[in-house]
Every structure is written in structure tokens, then in C-alpha cells.
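Chain residues, written in single-letter form:
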Amino acid sequence: MRVSVCVGNYAKEPYRIPGLEMDVFSMEELCYGIKENAYLLDLSFLDDGLLDWIERECGLGELADRLHPLVHRRGQLSEFASAILRHVGFYGEDIIRETEQALKKGAGLSGIEKRKNQVDYLVRKKKYRAALRGYEELLQNWQQPAPEGGANPAPDFQAEIWHNKGVAYAGLMLYEGAAECFRHAYEISGEEAYCVDYLSAKRMQLSEKPYVDFAAGGTEWYPQTLELEKKYREAVEEWEKHPDYLQLYNRRELKSRDRQKYCEENERLVQALKNSYRCG
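Reference entry: report on the structure contained in this document. All figures in this text were calculated on a predicted structure; none of them were measured in a lab.

Things to note about the pattern of salt bridges
A complete count under the given rule lists 19 salt bridges for this structure. Residues Glu180 and Arg183 are paired through a salt bridge, measuring 2.5 Å at the closest nitrogen-oxygen approach. You can see Glu180 and its partner Arg183 sitting in helix α9 (residues 175-189), 3 residues apart, about one turn around the helix. Exposure remark for Glu180: the relative accessible area of 36% places this residue in the partly exposed category. For Arg183, a relative accessible area of 23% gives the class partly exposed. One salt bridge in this structure joins Asp213 and Lys209, with 3.1 Å as the shortest N-O distance. Taken together, the positions of Asp213 and Lys209, both in helix α11 (residues 208-216) and 4 residues apart, correspond to about one turn of that helix. Each of Arg86, Glu93, Asp94, Arg97 and Glu100 takes part in salt bridges that share partners, so that together they form one network.

Encoded structure:
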């Protein structure tokens with residue numbers, strides 16, 4: 001078990017992280033806000049108000065003094081944030097490096113680009129439902145006029161949003177929704193990879209005959225359907241060699257031969273899963 005010792009005082013007055021509308025009352029909460037929202041932070045985070053809060057509310061004058069030059073010479077956001085993370089020690093070095101990379105990647109991006117990066121991160125963490133809400137928000141914002149003096153990103157960026165929304169649907173095995181999103185992405189950009197993803201989602205959504213009928217009606221993507229079928233057969237063959245598949249196959253055989261032993265084996269597996277969950 002990892003034990004963390006709190007650094008500094010618990011603040012009487014919170015600090016509101018710029019652009020996030022998030023109030024934090026301790027250095028640990030500040031670190032959490034940095035790590036979870038790295039894609040949204042910008043140079044407004046390098047702020048005298050934060051240094052004052054760290055010194056006055058958290059009692060960490062030495063840290064505030066060390067951060068002062070980074071604020072006043074407008075140092076790199078990643079350097080500033082990682083200095084806080086390392087001083088507090090709330091996260092290990094691997095997570096700090098991951099957060100640094102996220103901050104560097106987000107430097108110079110527009111607000112909508114930063115938001116997309118954050119939602120993409122939810123997909124990578126398999127938080128698909130939250131990601132779907134985020135992509136819907138992005139697509140709604142896309143319909144609004146660009147800010148004065150600014151411009152909406154290129155259409156290819158909108159296609160990426162539709163595509164990644166499809167990935168989130170596919171992660172939930174909602175293949176009809178995934179296919180619709182991939183189709184939108186393909187229509188906007190003409191990117192062949194989006195077409196293949198659309199066909200893949202339809203392949204998973206439909207049973208054999210309806211899919212064959214669907215593929216036969218789309219002569220413009222005939223080469224892609226042939227390539228997809230080749231990859232599909234290769235994936236099936238690889239799956240049939242996988243230990244998990246062999247275990248399932250053997251269990252189906254056991255069920256047909258010896259029902260009682262099959263039920264006993266089920267009970268053993270369920271108990272093993274319970275024990276694993278408790279230990280985790």
C-alpha cells in the first residue's frame with residue numbers, strides 16, 4: 001500500500017485553476033488538477049496569484065520562491081507544473097513524465113483542440129461514455145461561430161472528432177453508432193482509413209447475409225471490403241489460437257459432456273475472480 005504524507009497546510013481559501021473553474025484546497029488537490037487536466041492548461045497557469053496562494057495558504061514559501069522565476073520569465077508550462085508535482089510527491093515519476101508530455105503536446109493549441117485532446121485521453125483510458133459526452137459537446141460547439149479574430153479548425157479536425165467518437169462507440173460495442181460516426185468522418189475528409197473503419201463497424205453490426213448485401217451495394221468501396229475480409233479472417237484465425245478462446249471452447253465441450261462438472265468448474269472460476277478482486 002502506498003502512503004502519501006500531505007505537503008503544506010490545508011487552505012482556508014481555495015485557489016481556482018484558470019480556465020478549469022476548479023477550486024483546490026491543498027497541494028495534493030492542485031497536483032490532481034494538473035495531472036487530470038494537463039491538456040487544458042495554458043500559460044495563464046503561470047500566475048502570481050498561484051504563488052501567493054502556495055505561500056500564504058499552504059505555507060510553502062520556499063516552493064513559491066523557486067517557482068517565481070518561471071512565472072516572471074514566462075518559463076515553460078511543463079517545467080513549472082512538473083516542479084510542483086515533484087515537490088509535492090503525490091505522483092510517481094512515470095506519471096509526472098506522462099503529464100509533462102501532455103503539457104508539451106498541448107502548448108500552443110486552441111481551446112477546442114485542447115478539449116479534444118482531453119476527450120481523446122478519456123478514450124485511451126476506456127472511459128467511453130464520458131468521452132461520448134465530450135465529443136458531442138465539441139460537435140455542438142463546432143456549429144457556433146468562431147470567436148472574433150479567430151477561426152474554427154479545418155474540416156479534417158472535425159472529421160477526427162467524428163472518427164474518435166466512433167471509436168468510443170465501438171469501445172462500448174455499439175457498432176451502429178460507431179458506423180454512423182465513421183461515415184460522417186469519411187464524408188467530411190475522404191480519408192480511406194475512415195472508410196475502412198466504417199465498413200468494419202458495419203461488419204460487426206450486421207449478421208453475415210445482411211452484411212454481404214450491404215457490401216454488394218457499395219461498389220465504390222469494393223477494394224476496401226476485400227481487404228477488410230482478409231483482415232477479418234486473419235483476426236478470427238488468430239483468436240482461435242488464443243488461450244482464452246481455447247478455454248471457452250473446452251468449457252463448451254465440458255458443458256455438453258458433464259453438466260455437473262461444468263457447474264463445479266464455474267463455481268471455482270467465480271470464486272477465483274472474487275478472491276482476485278478482493279486482493280486487488
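Describing the side chain of Thr99
Considering the arrangement of structural elements, one finds Thr99 in helix α5 (residues 93-106). Its relative accessible area of 5% is what places Thr99 among the buried residues. A polar contact of 2.8 Å, which involves the side chain of Thr99, links it to the backbone oxygen of Ile95. Setting aside residues up to four positions removed in sequence, Thr99 forms contacts with Ile34, Lys35, Ala38 and Leu85.

Points about the packing of helix α8 (residues 155-171) against α9
For the pair α8 and α9, interaxial distance at closest approach is 8 Å and the crossing angle is 165°. Put simply, α8 runs roughly antiparallel to α9. For the element pair α8 and α9, the recorded crossing hand is left-handed. Contact with α8, carried on its side by Pro155, Asp156, Gln158, Ala159, Trp162, His163, Lys165, Gly166, Val167, Tyr169 and Ala170, involves Tyr175, Gly177, Ala178, Cys181, Phe182, His184, Ala185, Ile188 and Ser189 of α9 and no other residues of that element. When the residues that make up the contact of α8 with α9 are grouped by side-chain class, the tally is 12 nonpolar, 6 polar and 2 charged.

Definitions and limits used
- Residues numbered from 1 in each chain as written.
- Predicted model: local features only at pLDDT ≥ 70, side-chain atom pairs only at ≥ 80, totals over all residues.
- Heavy atoms only, no water.
- Salt bridge = Lys/Arg side-chain N within 4 Å of Asp/Glu carboxyl O.
- Helix = DSSP H or I, 4+ residues; strand = E, 2+ residues; numbered from the N terminus.
- Buried < 20%, exposed > 50% of the residue type's maximum accessible area, 1.4 Å probe, protein only.
- Polar contact = N/O pair within 3.5 Å; in protein donor to acceptor, adjacent residues only side chain to side chain.
- Contact = heavy atoms within 4.5 Å.
- Axes fitted to C-alpha atoms, helices over the stretch in contact; angles between N-to-C directions.
- Parallel < 35°, antiparallel > 145°, perpendicular 65-115°, else oblique.
- Left-handed = near helix turned anticlockwise from the far one by under 90°.
- Nonpolar A, V, L, I, M, F, W, Y, C, P; charged D, E, K, R; others polar.

None of the figures reported here should be taken as evidence of function without further support.
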